[in-house]
Amino acid sequence: MINKILTADEAVAGVKDGMTIMVGGFLATGSPEVLMDALVRKGVKHLTVIANDGGLAEGQPEGEFAGKTPRGVGKLLENHMVDHLIASHIGVNPRINEQIAEGTLRYTLVPQGTLAEKIRAAAYGLGGVLTRTGVGTMMETEKDELGRDKKTIEIEGVKYLLEMPLHADYAFIRPSIADKFGNYMCAKATKNFNYVMAGAADHTIIAPEKLVEIGEMDPDTFAVAGVLVDTIVEGEKPWQI
Amino acid sequence: MADLKARIAKRCAKEFKNGDFVNLGIGLPTMVANYVPDDVIVTLHSENGFAGLDAAATAETLDVDIINSGGQYVTVLPRVKYFDTADSFGLVRGGHVAATVLGAMEVAENGDLANWIVPGKKVAGMGGAMDLVCGAREVIITMLHTQKGNHKILKKCTLPLTAPKCVNLIITEMGVMRVTDKGLVLEERYEDYSLDDIKAATGCDLIIADDLKVLPAED
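What you see is a predicted model; the values in this text were computed from it and never measured.

The subject of this paragraph is the overall build of chain B. Helix and strand counts for chain B stand at five helices and 15 strands. For 219 residues, the compact-globule estimate of 2.2 N^0.38 gives 17 Å, and the C-alpha radius of gyration of chain B, at 17 Å, lies within 12% of that figure. Based on the C-alpha atoms only, the size of chain B along its principal axes is roughly 50 × 40 × 30 Å. Scored against the burial criterion, the 219 residues of chain B give a buried share of 45%.

Right under this line is the structure:
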């Protein structure tokens, strides 16, 4: 059987300064913490990060369930490893607007549903997607994440924005359960971007909370095909409040 | 102020029909859920990944895998369905969400909405707002009628748009206004605000409905 299991440090060894990575998670729920920690240890810089948001800073979310460390993409931002953030929401983690103000971070905003479809287009071989979202707004007039002008296409009297595929060098994904071939599922609200990102990068790395033997679970348990997964890293834990 | 917001939330809850799939924004829109009558079954969309949002989680009910779109830990109904972001916004763009309830910085008389960015200020991002106002079958704005005395309902928005011509209904502490081809129609007013009060607080022409309803101040 193919062995896809590596340590976290081995898995991220090929990530170079200036690469583009995509990271699953929504405000860090569903983000692969062991892989973020490995990237921080490697100290890679000038990353372009594609994610829903910038994760969480220490002490977030506010209130009784606050975290004691940064989470998800928040770990990369805390360590000034990101040059360009492509996301739908950047208002929660305060490091983002601090680093924008310092001039060390730039951002491209993409509506959340459009962001998912751009990633999905890259994973599943579409030349782009047409959406009404953003027509008549800055999404139509501002350039996209690669500095290209937006195109609009009118079909049967309806104007659509053409949104181009969004591809990365690496995708970092956090399943709840995976088997040793890489078939996986994400429980409850941890799915978010963790399904569309598989296959949208040259290398897809998963860090499942639970790793099972091949054949141990009903195949219908899994939502994403292990053929899309290059590397599996053990050690991801449930988030501790 | 709290009472005025409760009034708005209470009035908004009457817009929902049995079986509706609805998305509530953060803040005042979230309060609407508290006023939906018991005999109206509404399923709440949490755009980060499920249909069937319930209440905020407590230390006893907390599940670290369940947050809402604001990042708060929440609980879900027994009929919950989880999905990923692509499916979540497929439901939105596909017109399967009956209504989205949002706040606004500015609304224009033609239904243009601005509620996501103020140039020169700290940037938050649109999140799912642009998808929601384009895709939901009805866009309801719940907000206080003015911001520190400044008009929010205008002839034309001055801020960058979330989407053009997307708003259907505006519910404020003063009354209820519908966006129509002829302009903004005042359909209901609360009796503690006169027509002159409402016109003075509105930055565009208001068409007064022939059958204008006057709602009691205690509502």
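Turning our eyes to something else, we now look at the overall build of chain A. Along the backbone of chain A there are six helices and 14 strands. Its C-alpha atoms give chain A principal-axis dimensions of roughly 50 × 40 × 35 Å. A total of 241 residues make up chain A; the buried ones form 50% of that total.

Further remarks concern the pairing of strand E5 (residues 99–102) of chain B. All names here are of chain B. On E5, burial covers both faces: Ala 99 and Val 101 on one face and Thr 100 and Leu 102 on the other are all buried. With three bridges joining them, strand E1 (residues 21–24) and E5 adopt parallel strand pairing. The residue of E5 that forms the bridge with Val 22 is Ala 99. Pairing of E5 with strand E8 (residues 138–142) involves four bridges; the strand directions are parallel. In the strand pairing of E8, Leu 102 is matched with Ile 141.

The next thing to look at is the interface of chain B and chain A. Opposite the 36 residues of chain B that make contact, chain A presents 40 residues. The element contributing the most residues to the side of chain B that touches chain A is helix H3 (residues 85–93) of chain B, with five residues. For the side of chain B that touches chain A, a count of residues per class yields 20 nonpolar, nine polar and seven charged.

So, about helix H5 (residues 112–123) of chain A. Its twelve residues give H5 of chain A an end-to-end C-alpha distance of 17 Å, which sits within 8% of 16 Å, the value for a rise of 1.5 Å per residue. Those residues of H5 of chain A that sit buried are Gln 112, Gly 113, Thr 114, Leu 115, Ala 116, Glu 117, Lys 118, Ile 119, Arg 120, Ala 121, Ala 122 and Ala 123 of chain A. Packing partners of the buried residues in H5 of chain A comprise strand E2 (20–23), strand E6 (129–131) and strand E8 (158–163) of chain A together with H3 and helix H4 (129–135) of chain B. Downstream of H5 of chain A by a residue or two, Gly 125 of chain A has a phi angle that is positive, lying close to 75 degrees.

Moving on, we come to the sheet that holds strand E1 (residues 5–6) of chain A. All names here are of chain A. The strand order E1-E14-E12-E9-E2-E3-E4-E5 describes an open sheet built from eight strands, whose pairing is parallel. Each having just a single partner strand, E1 and strand E5 (106–109) make up the two edges of the open sheet. Bridge analysis of strand E3 (residues 47–50) against strand E4 (residues 82–87) gives four bridges, and the strand direction is parallel. Paired with Leu 47 across the strands is Val 82, a residue of E4.

Let us look at the domain arrangement of chain A. Residues and elements named next belong to chain A. Domain annotation for chain A reports domain 1 (5–126 + 165–233) and domain 2 (129–164). Of note, the centres of domain 1 and domain 2, computed from C-alpha atoms alone, are 26 Å apart. Across the boundary between the two partners, domain 1 contributes ten residues, which contact eight residues of domain 2. The element that contributes the greatest number of residues to the side of domain 1 that touches domain 2 is H5, accounting for five residues.

This brings us to the confidence of the model for chain B. With 99% of its residues at a pLDDT of 70 or more, chain B has an overall mean of 96. The complex prediction reports pTM at 0.97, with the ipTM value standing at 0.97.

What follows concerns the environment of Ile 50 of chain A. Residue and element names in this part refer to chain A. Locating Ile 50 in the fold gives a position in strand E3. When the C-alpha atoms of Ile 50 and Ala 171 are compared, they prove to be 9.1 Å apart, with 121 residues separating the residues in sequence. When neighbours within four sequence positions are excluded, Ile 50 is seen to be in contact with Thr 20, Met 22, Ile 86, Leu 166 and Ala 168.

With that settled, consider the packing of H5 of chain A against H3 of chain B. Following both chains from N to C, one finds H5 of chain A and H3 of chain B inclined at 125 degrees, their axes separated by 9 Å at the closest point. It follows from the interaxial angle that H5 of chain A and H3 of chain B lie oblique. As H5 of chain A packs across H3 of chain B, the resulting crossing turns out to be left-handed. Residues Gln 112, Gly 113, Ala 116, Glu 117 and Arg 120 of chain A of H5 of chain A form the contact with H3 of chain B, whose participating residues are Thr 85, Ala 86, Phe 89, Val 92 and Arg 93 of chain B. Split into classes, the residues belonging to the contact of H5 of chain A with H3 of chain B amount to four nonpolar, three polar and three charged.

Rules of the game
Residues numbered from 1 in each chain as written. Chains lettered and ligands numbered in written order. Predicted model: local features only at pLDDT ≥ 70, side-chain atom pairs only at ≥ 80, totals over all residues. Helix = DSSP H or I, 4+ residues; strand = E, 2+ residues; numbered from the N terminus. Rg over C-alpha atoms; globule rule 2.2 N^0.38 Å. Buried ≥ 20, exposed ≤ 12 C-beta atoms within 10 Å, placed from the backbone. Pairing = 2+ DSSP bridges. Contact = placed C-beta atoms within 7 Å. Nonpolar A, V, L, I, M, F, W, Y, C, P; charged D, E, K, R; others polar. Expected span 1.5 Å × (residues − 1). Domains from an automatic or database assignment. pLDDT = per-residue confidence, 0-100. Axes fitted to C-alpha atoms, helices over the stretch in contact; angles between N-to-C directions. Parallel < 35°, antiparallel > 145°, perpendicular 65-115°, else oblique. Left-handed = near helix turned anticlockwise from the far one by under 90°.

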